[in-house]
Every structure is written in structure tokens, then in C-alpha cells.
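# Coordinate inspection notes
One letter stands for each residue in the lines below.
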Amino acid sequence: MAINKVVANAQEATKGVENGMTLMLGGFGLCGIPENCISEMVKMNVNDLTCISNNAGVDDFGLGLLLQKKQIKKMISSYVGENDEFERQMLSGELEVDLIPQGSLAERCRAGGAGIPAFFTPAGYGTEVAEGKEVREFNGKPHILEHALTADFAIVKAWKGDTAGNLIFKAAARNFNPMMAMAGKITIAEVEELVPEGTLDPNTIHTPGIFVQRIFQGVDYEKRIEQRTVRQKG
Amino acid sequence: MAINKVVANAQEATKGVENGMTLMLGGFGLCGIPENCISEMVKMNVNDLTCISNNAGVDDFGLGLLLQKKQIKKMISSYVGENDEFERQMLSGELEVDLIPQGSLAERCRAGGAGIPAFFTPAGYGTEVAEGKEVREFNGKPHILEHALTADFAIVKAWKGDTAGNLIFKAAARNFNPMMAMAGKITIAEVEELVPEGTLDPNTIHTPGIFVQRIFQGVDYEKRIEQRTVRQKG
Amino acid sequence: MALDKVGIAKRIAQELRDGWYVNLGIGIPTLVANFVSEDITVEFQSENGILGMGPFPFDGEEDADLINAGKQTVTLQPGASIFDSATSFAMIRGQHVQLTVLGAMEVSQNGDIANWKIPGRMVKGMGGAMDLVASAENIIVAMMHTNKKGESKLLADCSLPLTGVACVTRIITNLAALEIKDRAFHLLERAPGVSVEEIKAATEGKLIIPDNVPEMKID
Amino acid sequence: MALDKVGIAKRIAQELRDGWYVNLGIGIPTLVANFVSEDITVEFQSENGILGMGPFPFDGEEDADLINAGKQTVTLQPGASIFDSATSFAMIRGQHVQLTVLGAMEVSQNGDIANWKIPGRMVKGMGGAMDLVASAENIIVAMMHTNKKGESKLLADCSLPLTGVACVTRIITNLAALEIKDRAFHLLERAPGVSVEEIKAATEGKLIIPDNVPEMKID
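Remember, it's a predicted structure, so these values are computed and weren't measured experimentally.

## Focus on the interface of chain B and chain A
If you look at the interface, chain B gives 23 residues, while chain A gives 23 residues. With both chains or domains summed, chain B and chain A bury close to 1,700 Å², and 47% of this area falls on carbon and sulfur atoms. Our count for the chain B to chain A interface comes out at 4 salt bridges. Ionic pairing is found between A:R110 and B:E107, a salt bridge with its closest N-O pair at 2.8 Å. Taken together, the connections running from chain B to chain A amount to 14 residue pairs in polar contact (both at pLDDT 80 or more). Looking at the side of chain B that touches chain A residue by residue, the classes come out as 12 nonpolar, 5 polar and 6 charged.

## So, the sheet that holds strand 13 (residues 176–181) of chain D
Residue and element names in this part refer to chain D. Strand order across the open sheet formed by 10 strands is 4-3-2-1-5-10-12-13-14-15, with mixed pairing between neighbours. Single-partner strands in this sheet number two, and they are strand 4 (75–82) and strand 15 (207–208). Pairing geometry for strand 3 (residues 50–54) and strand 4, over 4 bridges, is antiparallel. Residue pairing for strand 4: G54 is matched across the bridge by T75. Together, strand 1 (21–24), strand 2 (43–46) and strand 3 form the strand contacts of helix 3 (residues 85–93), whose direction differs from that of strand 2 by roughly 125°.

## Looking at the sheet that holds strand 13 (residues 176–181) of chain C
Across a sheet, paired strands are connected by hydrogen bonds in the backbone, their directions being either parallel or antiparallel. Residue and element names in this part refer to chain C. Spatially, 4-3-2-1-5-10-12-13-14-15 is the arrangement adopted by the 10 strands of the open sheet, whose pairing is mixed. Looking at the sheet topology across the chains shown, the edges are occupied by strand 4 (75–82) and strand 15 (207–208). In terms of strand pairing, strand 1 (residues 21–24) meets strand 5 (residues 99–102) through 3 bridges, oriented parallel. Looking at the pairing, N23 lines up with T100 of strand 5.

Calculation criteria
- Residues numbered from 1 in each chain as written.
- Chains lettered and ligands numbered in written order.
- Predicted model: local features only at pLDDT ≥ 70, side-chain atom pairs only at ≥ 80, totals over all residues.
- Heavy atoms only, no water.
- Contact = heavy atoms within 4.5 Å.
- Buried area = accessible area lost by both parts, 1.4 Å probe.
- Salt bridge = Lys/Arg side-chain N within 4 Å of Asp/Glu carboxyl O.
- Polar contact = N/O pair within 3.5 Å; in protein donor to acceptor, adjacent residues only side chain to side chain.
- Nonpolar A, V, L, I, M, F, W, Y, C, P; charged D, E, K, R; others polar.
- Pairing = 2+ DSSP bridges.
- Helix = DSSP H or I, 4+ residues; strand = E, 2+ residues; numbered from the N terminus.
- Axes fitted to C-alpha atoms, helices over the stretch in contact; angles between N-to-C directions.

Pasting the structure below:
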């Protein structure tokens, strides 16, 4: 038998999330975000959060819900357009913002989970991002030293998961979820479908259960589309 | 339509492998090794090779076949037991050997493919492995700086592959193959089953085709077992 | 006549080569996918984790879990693959993507690019742009030659915070195709009906004009 | 009577705790899997890319593609997962594995370990051992108390090239269970029928002996 990670729901999963903590939240735009846990944290009214997430949601969905209620003290992101309330809080100085190149953000999360405290990357050299960072040349090209990121809680969303905590993501909803799952001191996974251990093919697992401490089957996923672009048939 | 990477066979796939080149070869022990390409390189009689591979095969199989014919100048590996000819060549000084902690080897290959020129790891601190390497403390713990590895050719073995170069590995035959596929200037994949593009589920691909330049369906896989351990029924 | 956005996209499509993996930024670059020659095969990479991205879905077939880096609903081509963001940027940083096309607010004659921030006014973030421009060997900027106030976007030095340094190799604007080398913009082609004088007037940075500047051929 | 290899494995199995992920090295450590209490659930990690490793396959059901880090044919438990070597060592280096059990040629009172090389005579390589010992918080060494010549393997300082520095927390030998702290071996338990004097005679490094040294309970 595998180690059982199942908890009842978002309420039980987010137990221990406290004011002032650092959270990682998976997703790209509104795709693959942990909707249930975000709603729960709005209810919990937990404050002064530092949120590491590629984006900050939109005004009335995703992390935008926590921003509306001013529960977030600091955002660590790569792209924060599409959110007026965010821009207002940032420009007014209410919200601290640390903007990081998207690839460096992904790699820093992975590094945090993988026990790699720091690595060199060319991204951001010669820009504001490099300010105060060590620069070193490799193969004739300047690189900057970036440090690992970790979080008190990593909160991810998967398509299918099993009781052992193994996760399979669907299509582009994978994005940052696997690396963040690695980097949480406690990692919470909410899944669309929770199945018994032994149901998922071990060869197709995206996130091995070792990275997940709590898993539950989410409810009422809205899965909002930010930019509905289509073409007409014929 | 996807970019087509198909070549006819091992002979065509290994075109351009020349004396003195650096090769990466996937596999762990004899599990998941590119049997067809190894045989082909024995035939080609290409010499003075630097081979990056977790192990060095056994006396009469895997990389042992290239060692027998003294085609290898230098091995970069983590574990080289189980091979008398290897030990003889190493202790006599005929063969250069660079031994690297297994996790550092895996990460250095990934880094080579991922454009990360160097990273810090705790593995090997205080040992021979750390000699001449930069040491830096992170979170109160000493780490050493390790550099990326790349190769003129990376040669990997997969279970299934499609014409676009996408690969799926089987069970523990995955091991070093995905990272090495990333780190080759030219990456050759030999597969047990080659299928048309569109056949494999995009969500289950282990190595995206972008990392593979040549793919072919291998023949006559022996898949030798090094330690056949079993239990009796009932 | 100066090119419109579609014209710029068509001209950029001419830069694609058979067997290339290509990352297209948001805006004009996205349109390039519509004009790939039938004689070549390219695959589009989207940095949120897709290789082999296809066109928009048919109405009613959108999938919230299948979007591109611009958050638009898309489809997958046969032979596509999905991966996480770390692997996606491994492809980019590791130079497995042959061409990056992106927009810009300013480009300097040194190949510097600025496209992520206007201090005090707009900060959307760099997204994947800094990784892309720091890594790619072949970066084409797609943009209007001048901004809304009519000021040149091809400058001696960028005035806005940089996205990357000495990285842009080629620029396709509504007026011209230019190459950047030796700290100057080298004029390659004029947009149909656009004169060298017009281009000169719209370019603030150092512009090298060869004797013969052919007109672009756009279908 | 001193423990045999099976006895050492049984004693180590008592160190396992419910919910732990455990990496077992080659040799005696591998045997530990056979003696896990039915009251707890642990999962075994094999550094070649398996989580949830099961027992050897039934005769005739071996799969060449499913081996452990010792190259032995194994099986998967329900809930198992497969991953590449980089992810496997991400688990190890990132301290997601709660316990590592491995063999050693020498251990020092400082917790240094040597197990990969005898200069001029044997060099098999460190495999994953250096990553494991540099990363794990909880490292148990399983070994005989003395070598074939009868010399102590618990030393003031290791004489062989090190695998890791100040990393071993506990040692289970054929004679005793010991903890390493404050630059000394602290005797915890005697093997059944083994006297404190015997342990003292077989231990070269600094040995701290409490007033009461209970005898191991091995089924």
C-alpha cells in the first residue's frame, strides 16, 4: 500500500495556512489554478500573504479574489497584466511586487524543490532584474546567479490524482504546477478526479506522490477562459 | 504536420559520429541502453571517444563492447563496477575516468540541455569530487559549483517514438535518457516502436520531439538482465 | 504604402525556414502562424508548455485547459507535446528554438530591446520575454516603426527599462526590414511604396542604407 | 550472538516510521524491505527512477525494463510512479526522502562516511551515494562492525576517500546500534548476547557508553 495523502476538502487541506506565510500557486493565467483553495483562503481571511504565482488572476477571479480583499502583501510573478486592481495596488505602493522572468521563476521553483540553492541563467542580464546579482561569464556570455524559491505551502491543481498523491495534469493546465509541487514545505493538490492508488499508470505520472502532502477532489470548477478565440467552420 | 525526424536505421542515425567526439549514452546498467547504435559504433570502429554514461556496461554488452575494442578514451560515469575490462583499463591508465555523483551527473546533463551553465549542489562537498571546485555556503550548508555537460551526440533509447521525435520510455528504462536527449548537439533516439505523428497522446510524452534530431526503429533488442532476482510463487 | 499588422506578419513569415521551431510573442507575432508557406514545416512553441500549437479551435470546441501564452484558446497539431514551464524554458534557454518573434516598445542600434515596463505608468511584467531574448540566437522584432506620437522606436539607445541587451538580430516594421549589426540598423528592404527617405526620417538610431534597397514582396 | 545480515536488516526495519519515503542502498539495506512492520506504510525510492518499489517479481515475470538501483529485477506497488534520474535526485537532494540506509567501508566519529573507493585497488564509483549522504537528514549505515581482517570500521577518522562529511546519524552493525553526535559514537543497544566489552574492543573511534545499554529486540 502507498502512503495515503487524502484529506476531505479545501478546508481541511488549507489547515495551517497562516497570516504572513509564503504560498506558491500553480497556473498560467486562469488555466490550471487551484480554484477551490483560493476560494477557501478568501473565506479564511488569511492576510499578509506572499504569493508566488506566474500571474495574479483577473479582477474577479483567481488570485484577483485575494487581491480584492487585500489579503496579499507581496506578489512574486512574471506577468501581471489583465488585472486593474492589481495595477492600482502596485502603483499606489500598497502591494509589493517582485517581477521575475518566467523561465527564471519556473527554474527557481524547481531548484527549490530539487535542493539546488542557486544557478546561473542568461535571462535578465543587463536589465533591472540583474541589479544586485552576481554576474559571471560562461562560454563568453554573461549570466546572473538566481536563487531557489520555496514556500510554506504550495497549492496546485491537477486533472487526476490518486490517494498516493500522484498527479496527472491536463494539457496546458500543467504549466507551473509540477515545479511548485516540488517546492512546497507542504504541498496541497486539488484534483478534478481523485482515484484509488493503482488506478493511474505509473509511467504516465507527471508529479510523483512524494511531492504531495495533501490531496482532495475539488468541486464546482469554473475553469474560466480569459481569451476565447475561435474560428468558424467551413 | 510536425517536423519529420525519421532516419532509416542505426547506420544512418550515427552518420557524423567521428573519432575524438563526446557522446552521451542513456541507460542505467544495461536497462534502457541504445543497443543498436552501440553495435553500429563498434562496426564503424570510431575511436578516442569520450562517453558520458551512468555506467560502462558489462564485459560483453553495452558500452563494454566499445571498451573491448578500446574505442573509448575517457568515461564520465557515476558507477563502473561489474566490468572487469573497464577496471583493468582504468587501473592500468589506458582509460581516463571521471567519476561524478549520480545526481550531479543527471543534473549536469539537464543543465547542459536547459542553458544553465552551472549550479550549486551539496553532493560531493568535502570529498575528492570537490577538488578544485568553488565552495559556497547556502542556508548554512556548504555546496559546490558544478558545470553543465553537453555532447556532440546524445544517443538514447525509448520504448515508443513518433515521426516528430516525441519519445515515451518504459518503466525504469527512462533513467538518464530524457536529460541526455536534451543535452546533445545532435540527439539520436532509437525506439522499439516507431509510430506516425498524432498517434501518441501529447499529454504523455516524456521527451518532446524538439530535443530529438534523428529517430529510427531499432531491431533485435536483447534487453539483457544484469541481476535476475525472482521469488517463487506460493 | 506602409504595411499593416497583417503585412508585417506576412513579411516575417518569409523569414521562417523548414524544420524550425518558432516561438511567437503576443500581438503581431501571433499572426505570423497564419502565413507559413506550404513548402515548409515549422512547429510553434508556446512557453506555457506546448510544442506543435495549432490554430484557434472551432467555435464550441474551446478547451479552458488548452491556451497559448497569450491566454487564447488554441488547438494541437498532430505530433504535438505538452510539458511543464521548467521544461519549456529549458527548450528556450537551451537554444532548441530556432526563432523568436516578439513585439517591442523600443529597439536600439545595439540590438537592445525594451518591451516590459514604462516606469510609473505601466508594469505588466516581462513574462517569458527576458528568457527568450537572452537565449535565442535569432530574434526578430515585429513592431510599428514609430509610436503613437510619431516618435521613432528604432533608437540610438533605449530610454525604457531593458528587456535584453544586444540580442535583436532583425526588425520588421510597417516601413522596412532591417538587420542589426556593428551598432547600426542596416536597411534590407522597403515596405511596398515606402521610400528610403520616409524610413530615414522615421529612424532615430544610426541607419546604414545600401545603394540598392529592394521593395518587399508581399502576397 | 552477533547479528547476521538478516538480523541487521530486521533491526534497521525498526527505525522506519509510518509515512516515510525510504531509499535503501545495495547489499544489507536492500533486505530491510522484507521486514517492514505491518502497522506502518512506507514507500521505497530507487534512485534509478522508481517510487513505490515492490518485491522481486515471480519467476518468469521479470521485466528487463524494471530494475532497481542494484540492477535487480523488481516490481511496482499500487500507487507507484516512474521518473527520470534528474527528478529522482531532485527528490533526494530536495530532502523529500525521509530516510537513507546504506552500507559503508568506514564511518568516523564525526559522521564521515567512506564507501566508494580503495585507492589503487578498487574504484567502482560513488553512484548515487554522494548525493544521498550530502542531502538526507537521516542516514543510517548498515555494516559489519569490523572488516574481514577484524579491524574496526568505526574510526576516529576515515582512512579511505570520503563519500560525505558529518552526515551519518546512526549505525546498525552486527554488534550494536549506535548514534553519532558530538564527535563520538554513542552506544544505544547491544546485539543479542553481545557484551559492551566486545563492542568496545571492536570500536576504534571514541565510544560513549551509557550506564544502561539494553539488548536489541529482534524477532
